[in-house]
Amino acid sequence: FFHYLHKKMNIPSLKTSVAGIPIDCCIYNASGPRTGSSAALRKIASSAAGAVLAKSATCMEQRGNPLPRTWISEEASLNSEGLPNAGIDYYIDSDVIEEAMAGDPTNTKPYMVSISGKTLDDNVKMIKKILNSPSLGKIACLELNLACPNVIGKPIIAYDFEQMKTVLETVSRIPNIGKLKLGVKLPPYFDDPHFDSAASILNQYADVVKYVASINTIGNALAIDVEAEMPRISSNQGFAGLSGRAIKHTALANVFKMRAKLVPEIDVVGVGGIETGQDVFEFLLCGATAVQVGTCHWKEGPKCFDRICTELVTLLKKKGYASSKDVQGKLVAWNKAGASKSRAASREALKASEGDTPTKKTGAVDLTHVALIIIIAVLLADKLSFIN
């Protein structure tokens, strides 16, 4: 749709590619909320989202943690879902994929699968199952979630760099793995040596890993119910993954750093706190090829993709860009000229907002000021008269 508008009406294009897969819109859903069934995925397919990414799957169906396992506010959301999903067989079933993608009005959107095995063996089994599935041709790529706990007693895989290397080495040796476009979901990193270690390992497997999705939730967050004096989440003592607006700036930093440290053959997909077209623009500047939307999709539903895409197109046109690709990786270092330009834009915005203020309201404010001055003058006169 947006590609058509770009051609016919000179509207900026949102076309991009992830792992070499063409996508008509650089915005699509994250694996998580509203992605667990073909019905939910079909709604995404019918929206402006550029691709459809299924729920992270395990070997068998899982019901997840006890309720309440999620909490949401304007600033953030928490979840300790425990990976509820229908199992890998469901998400690679040909009928399920067809049902999900029947909502695609263009019939061009890629369908993507995500897996998060409890063990390395689980991940290997699921990958082999996908490779041997009759529906392999309908699956555009596979996102391997290394940002969730794997083995009990071990940290998140992508925080344990030895384990991360073992996983990627094992996956790279799976027969016919080259038939799958593979992406890796990463947790947030906070220290430069950790960025260096993760990027170094990923670069060694650039022949297999074609993109990274950065970032997953920030672990071990806690929300408190003051009235009840207890956590908002029932399981795991209330500790949960933090997402939403609160993590956007951490996500931007991770995208920027990973883009700088990864080889060009590995794309970076930005995830974390994206709610507006401006948010997407910021991720593109940091080097993201595309972005995924999670919490906002959870709150608004698939209509969020239509709104965000429209906002991004409007911003691109306002700033004179012909496409979202033109923005990718164009973030410049802080400079005085840029700061001056930003201040000037803020002043213009302020003037515009003042100009929009109704005349009657302004007059009312002025009359109020005059009345206050008169009252003060009278009180002062009375006081001076009394003293005299």
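Residues numbered from 1 in each chain as written. Predicted model: local features only at pLDDT ≥ 70, side-chain atom pairs only at ≥ 80, totals over all residues. Heavy atoms only, no water.

## Topic: the overall build of the protein
Logical step 1: If you tally the helices and strands in the protein, you get 13 helices and 16 strands.
Logical step 2: Surface summary for the protein: the accessible area is close to 19,600 Å², and the carbon and sulfur share equals 57%. (Helix = DSSP H or I, 4+ residues; strand = E, 2+ residues; numbered from the N terminus. Areas by Shrake-Rupley, 256 points an atom, 1.4 Å probe, with all protein chains shown as cover.)

## Observations concerning the layout of surface pockets
Unfilled space is identified by rolling a water-sized probe across the atoms.
Logical step 1: One number sums up the size of the second largest pocket: a volume of about 790 Å³.
Logical step 2: For the second largest pocket, the lining is made up of 19 residues, of which Leu-285, Lys-319, Gly-338, Lys-341 and Ser-342 are closest to its centre.
Logical step 3: Mapped by element, the contributors of at least two residues to the lining of the second largest pocket are α9 (277–285), α11 (303–318) and α12 (336–355).
Logical step 4: It is α12 that provides the largest number of residues to the lining of the second largest pocket, a total of five residues.
Logical step 5: Residues of the lining of the second largest pocket, tallied by class, amount to ten nonpolar, four polar and five charged. (1 Å grid on protein atoms, 1.4 Å probe; cavity = no way out; pocket = protein on both sides within 12 Å on 5 of 7 lines; lining within 4 Å. Points joined across faces, edges and corners; volume = space filled by probe spheres on them. Nonpolar A, V, L, I, M, F, W, Y, C, P; charged D, E, K, R; others polar.)

## A few points about the nonpolar core
Logical step 1: Among the nonpolar cores identified, the biggest contains 108 residues, and Ile-27, Tyr-28, Tyr-111, Ile-130, Met-164 and Leu-202 are the most heavily contacted of them.
Logical step 2: Looking at this core element by element, the count peaks at eight residues for α11.
Logical step 3: Excluding anything up to four places from it in sequence, Tyr-111 contacts Leu-41, Val-52, Ala-54, Tyr-91, Ile-97, Ala-100, Met-101, Lys-138, Ile-139, Ala-140 and Cys-141. (Core = buried A, V, L, I, M, F, W, Y, C linked by side-chain atoms within 4.5 Å. Buried < 20%, exposed > 50% of the residue type's maximum accessible area, 1.4 Å probe, protein only. Contact = heavy atoms within 4.5 Å.)

## Some details on the pairing of strand β16 (residues 290–293)
Logical step 1: Along β16, one buried face is formed by Ala-290 and Gln-292 and the opposite face, lined by Val-291 and Val-293, is buried too.
Logical step 2: In terms of strand pairing, strand β3 (residues 27–29) meets β16 through three bridges, oriented parallel. In the sheet register, Ile-27 faces β16, and the bridge partner there is Val-291.
Logical step 3: Bridge count between strand β15 (residues 267–271) and β16: three bridges; the pairing is parallel. Each bridged residue has a counterpart across the sheet, and for Val-269 the counterpart in β16 is Ala-290.
Logical step 4: For the crossover that starts at β15, traverses α9 and ends in the parallel β16, the hand is right-handed. (Pairing = 2+ DSSP bridges. Right-handed = clockwise from strand over helix to strand, strands pointing away.)

## Regarding the pattern of salt bridges
Logical step 1: Applying the stated rule across the entire model yields 14 salt bridges.
Logical step 2: In this structure, Glu-74 engages Arg-245 in a salt bridge whose closest nitrogen and oxygen atoms are separated by 3.9 Å. Taken together, the residues Glu-74 in the loop between β5 (70–72) and β6 (77–79) and Arg-245 in the loop between β14 (240–243) and α8 (248–261) connect sequence positions 171 residues apart.
Logical step 3: Taking relative accessible area as the criterion, Arg-245 reaches 39% and is therefore assigned partly exposed.
Logical step 4: In this structure, the salt-bridge partner of Lys-248 is Asp-279, at a minimum N-O distance of 2.9 Å. Placement of the pair is Lys-248 in helix α8 and Asp-279 in helix α9, with a sequence separation of 31 residues.
Logical step 5: Because the salt bridges share partners, they merge into one network encompassing Glu-74, Arg-245, Glu-275 and Lys-299. (Salt bridge = Lys/Arg side-chain N within 4 Å of Asp/Glu carboxyl O.)

## Overview of the side chain of Thr-289
Logical step 1: Within the element layout of this structure, Thr-289 appears in the loop between α9 and β16.
Logical step 2: Every residue in contact with Thr-289, bar those within four places of it in the chain, is listed here: Thr-16, Ser-17, Val-18, Cys-26, Asp-267, Val-268, Leu-284 and Gln-328.

## Some thoughts on the side chain of Thr-295
Logical step 1: Position of Thr-295 among the secondary structure elements: in helix α10 (residues 295–300).
Logical step 2: Judged by its relative accessible area of 12%, Thr-295 is buried.
Logical step 3: Within the structure, Thr-295 has its side chain in polar contact with the backbone nitrogen of Gly-244 (distance 3.3 Å).
Logical step 4: Setting aside chain neighbours within four positions, we find Thr-295 in contact with Ile-72, Ser-77, Ser-243 and Gly-244. (Polar contact = N/O pair within 3.5 Å; in protein donor to acceptor, adjacent residues only side chain to side chain.)

## Concerning the sheet that holds β6
Logical step 1: With antiparallel pairing, the four strands of this open sheet are ordered in space as β5-β6-β14-β11. The strands lining the two open edges of the sheet, one partner per strand, are β5 and β11 (218–221). Adjacent strand axes in the sheet meet at a mean angle of 30° when their direction is disregarded.
Logical step 2: Two elements, β6 and β14, share three bridges in a ladder whose sense is antiparallel. Opposite Asn-79, over in β14, you have Gly-241 as the bridge partner. (Axes fitted to C-alpha atoms, helices over the stretch in contact; angles between N-to-C directions.)

## Description of the state of the cysteines
Logical step 1: What the rule picks out here adds up to zero disulfides.
Logical step 2: Not part of a disulfide, Cys-309 finds its nearest cysteine sulfur in Cys-25, a span of 3.1 Å. (Disulfide = S-S within 2.5 Å.)

## Thoughts on the packing of helix α6 (residues 161–172) against helix α7 (residues 192–204)
Logical step 1: Running from amino to carboxyl end, α6 crosses α7 at an angle of 15°, the nearest separation of the two axes being 10 Å. Between α6 and α7, the crossing angle belongs to the class labelled roughly parallel. Of the two elements, α6 crosses α7, and the hand of that crossing is right-handed. Contacts between α6 and α7 involve Phe-161, Met-164, Lys-165 and Leu-168 from the former and His-194, Ser-197, Ala-198, Ile-201, Leu-202 and Gln-204 from the latter. (Parallel < 35°, antiparallel > 145°, perpendicular 65-115°, else oblique. Left-handed = near helix turned anticlockwise from the far one by under 90°.)

## Looking at unusual backbone geometry
Logical step 1: Omega for the bond connecting Leu-67 with Pro-68 falls within 30 degrees of zero, at -5°, which places this linkage in the cis form.
Logical step 2: Its place among the elements puts Pro-68 in the loop between β4 (52–57) and β5.
Logical step 3: Put simply, Ser-214 and Ile-215 share a cis peptide bond, and its omega is 25°.
Logical step 4: Looking at the secondary structure, you find Ile-215 in the loop between β10 (209–214) and β11.
Logical step 5: The backbone of Ala-19 shows a phi angle near 55°, a positive value even though the residue is not glycine.
Logical step 6: As for its position among the elements, Ala-19 is in the loop between β1 (16–18) and β2 (21–23).
Logical step 7: Residues other than glycine seldom take positive phi values, yet Arg-34 does so here, at roughly 60°.

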